[in-house]
There are 2 protein chains.
Amino acid sequence: MNIMTFSALAEPSRLGMVELLRGGPLTVGEIADQLGLRQPQASKHLRVLLEAGLVEVEAVANRRNYRLRSEPFRALASWLDAYRNIWNERFDNLDIYLQKMQAEENKPQAGENEPKET
Amino acid sequence: MNIMTFSALAEPSRLGMVELLRGGPLTVGEIADQLGLRQPQASKHLRVLLEAGLVEVEAVANRRNYRLRSEPFRALASWLDAYRNIWNERFDNLDIYLQKMQAEENKPQAGENEPKET
DNA sequence: TTCAAATATTCCTTATTGGGTATATTATAT
DNA sequence: ATATAATATACCCAATAAGGAATATTTGAA
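All of these numbers come straight from a predicted model, not from anything done at the bench.

What counts and what doesn't
Numbering of residues begins from 1 in every chain and follows the order in which that chain's sequence is written. All chains are assigned letters beginning at A, and all ligands numbers beginning at 1, according to the order in which they are written. In keeping with the model being predicted, local features are shown solely for residues with a pLDDT of at least 70 and side-chain atom pairs are shown and tallied solely at 80 or more, while totals for entire chains, interfaces and linings include all residues. Hydrogens and water molecules were not included; the side-chain quantities draw on all heavy atoms of the structure. By definition, two strands form a pair when at least two bridges between them are found by DSSP. Strands are runs of DSSP state E lasting at least two residues, helices are runs of H or I lasting at least four, and both sets are numbered from the N terminus onward. Contact definition: two residues touch when any of their heavy atoms are within 4.5 Å. Fitted lines through C-alpha atoms serve as axes, helices being fitted only where they are in contact, and the angles separating the N-to-C directions of these axes extend from 0 to 180 degrees. Neighbouring residues are identified by heavy atoms, a residue being near a molecule or strand if any of them is within 4 Å of it. Pairs of N or O atoms within 3.5 Å make up the polar contacts considered here, provided that, within protein, one atom can donate a hydrogen while the other can accept it, and that residues adjacent in sequence are counted only when both atoms are side-chain atoms. Charged residues are taken to be Asp, Glu, Lys and Arg, nonpolar residues to be Ala, Val, Leu, Ile, Met, Phe, Trp, Tyr, Cys and Pro, and polar residues to be all remaining types, Gly included. Here the buried area means the combined drop in accessible surface, using a 1.4 Å probe, for two parts upon being joined, counting both sides. Only one rule defines a salt bridge in this text: a Lys or Arg side-chain nitrogen within 4 Å of an Asp or Glu carboxyl oxygen. Superposition of the copies was done by least squares, using only C-alpha atoms of residues whose pLDDT is at least 70 in both. The pairing test for Phe, Tyr and Trp rings, Trp by its six-membered ring, is centres within 6.5 Å, and the orientation test on the planes gives stacked under 30 degrees, edge-to-face over 60, and tilted for anything in between. In this scheme, a residue with accessible area under 20% of its type's maximum is buried, one over 50% is exposed, and one in between is partly exposed, where area comes from a 1.4 Å probe on protein chains only. The rule is short: NZ of Lys or CZ of Arg within 6 Å of the ring centre and within 35 degrees of the ring normal puts a charge over the ring.

A. Focus on the sheet that holds strand 3 (residues 63-68) of chain B. Residues and elements named next belong to chain B. With antiparallel pairing, three strands are arranged side by side in an open sheet as 1-3-2. Each edge of the open sheet is held by one strand with a lone partner, namely strand 1 (26-27) and strand 2 (55-60). Sheet topology note: the strand 2/strand 3 ladder contains six bridges and is antiparallel. Directly across from Val 60, in strand 3, lies its bridge partner Arg 63. With respect to the sheet, helix 2 (residues 12-21) is in contact with strand 1, strand 2 and strand 3, its orientation differing from that of strand 3 by roughly 85°.

If you want it as structure tokens, here you go:
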């Protein structure tokens, strides 16, 4: 997984931009307007998104049309897939018990198998 | 989408920790070892992951067993779902053309509908 | 009580990041 | 050539984050 994807999304304005661009391409000015940003900061954040590969630009005269790229989202989804097991509460109580037992084996000092009561 | 999830993952050591914990719970020392970190930085990064809700701890004597929580991964997956359209290259050439046409309508200064040739 | 292991916290220092403002750049129109 | 709109870049400053090293805390054992 590319860490730049996460750092690009780890900023409110930039995450907002991505959500905004879900509706389709927008210019810098439109993005700045909708998010209440000044133009320079909008440009700077878009640059970060661009370098992270999250968006791409198309120059149309004066304007720059920014839109989402699909690749990083696909990558994110496939990375997430590796965590599907966790969905199903793989580490449920039984597993935790087994893991604890296994951890005990590292220091079988006092009682061997059955800890006597009191 | 909670931004803390992204900022927590936007750091190589922490992303490494998450990947590592995919295999099951580990103690601070084990994590530090496997990632070549000093213990204090391991603890500090784990704290960030903890506060982001990505992991949880279980104290067992001296040790702290850290393991992944499922919720943030579910949240991430459901957030990603909103971007599924982009998978299918929704913004293909036709869409881009239509969007460009719509953008033109904002400044219909010269030609109204049919721009005359030459 | 004293010791040692595992972990957390604190302090310090440096690097990075984000906002603000001014300015440069590019394209269109006159 | 000049003016204007849209955008990018540069510079400065404050806030944040990360590593290093020392220290505090907790637990089990002698």
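B. The protein's contact with DNA strand D, seen in detail. Around DNA strand D, the surrounding shell holds 22 residues, and the nearest of these are Gln 39, Ser 43 and Tyr 66 of chain A together with Lys 44 and His 45 of chain B. Taking the atoms of DNA strand D that fall within 4 Å of the protein, sugar and phosphate contribute 61% of them. At 2.6 Å, a side-chain N or O of Ser 43 of chain A approaches a phosphate oxygen of DNA strand D. With respect to DNA strand D, the backbone of Arg 64 of chain A contributes an N or O atom lying 3.4 Å from a phosphate oxygen. Those elements that provide at least two residues to the surface near DNA strand D are helix 3 (28-35), helix 4 (39-51) and strand 3 (63-68) of chain A together with helix 4 (39-51) of chain B. Its residues assigned to classes, the surface near DNA strand D comprises five nonpolar, nine polar and eight charged.

C. Broad picture of the protein's contact with DNA strand C. Around DNA strand C sit 22 residues in total, of which Lys 44 and His 45 of chain A together with Gln 39, Ser 43 and Tyr 66 of chain B are the nearest. Of everything in DNA strand C that lies within 4 Å of the protein, sugar and phosphate atoms constitute 60%. The contact in question runs from a sugar or linking oxygen of DNA strand C to an N or O atom on the side chain of Asn 62 of chain A, over 3.4 Å. Here Ser 43 of chain B contributes a side-chain N or O atom positioned 2.6 Å from a phosphate oxygen of DNA strand C.

D. Focus on the interface of chain B and chain A. At the interface, 40 residues of chain B touch 40 residues of chain A. Carbon and sulfur atoms supply 68% of the area that chain B and chain A bury against each other, a total of about 3700 Å² over both sides. At the surface where chain B touches chain A, the tally comes to zero salt bridges. Taken together, chain B and chain A are joined by two residue pairs in polar contact (both at pLDDT 80 or more). Elements supplying a minimum of two residues to the side of chain B that touches chain A: helix 1 (3-9), helix 2, strand 2, strand 3, helix 5 (71-81), helix 6 (84-87) and helix 7 (93-104) of chain B. Sorting elements by how many residues they give to the side of chain B that touches chain A places helix 5 of chain B first, with six residues. Per-class residue counts for the side of chain B that touches chain A are 24 nonpolar, five polar and eleven charged.

E. Examining the relation of the copies chain B and chain A more closely. Relative to chain A, chain B is turned by 180° and slid 0.0 Å along the rotation axis, the superposed coordinates differing by an RMSD of 0.0 Å. The transformation just described matches what one would write down for a two-fold rotation axis. The C-alpha atom lying nearest the rotation axis in chain B is that of Phe 6 of chain B; the distance is 2.6 Å.

F. Focus on the packing of aromatic side chains. Scanning all chains against the criterion turns up nine aromatic pairs over all chains. Centre to centre, the rings of Phe 6 of chain A and Phe 6 of chain B are 6.2 Å apart; their planes meet at 35°, and the pair counts as tilted. Placement of Phe 6 of chain A in helix 1 (residues 3-9) and of Phe 6 of chain B in helix 1 is noted, with the two residues assigned to different chains. A relative accessible area of 0% means that Phe 6 of chain B is categorised as buried. Here Phe 73 of chain A and Tyr 83 of chain B contribute two aromatic rings whose centre-to-centre distance is 4.7 Å and whose plane-to-plane angle is 10°, an arrangement assigned as stacked. Separated into two different chains, Phe 73 of chain A in helix 5 (residues 71-81) and Tyr 83 of chain B in the loop between helix 5 and helix 6 make up a pair that spans both. Per residue, the accessibility class of Phe 73 of chain A equals that of Tyr 83 of chain B, and both read buried. Put simply, the rings of Phe 6, Phe 73, Trp 79 and Tyr 83 of chain A together with Phe 6, Phe 73, Trp 79 and Tyr 83 of chain B pair up and form one aromatic cluster. Its guanidinium or amino end placed over the ring of Tyr 83 of chain B, Arg 22 of chain A lies 5.3 Å from that ring's centre, counting from NZ or CZ.

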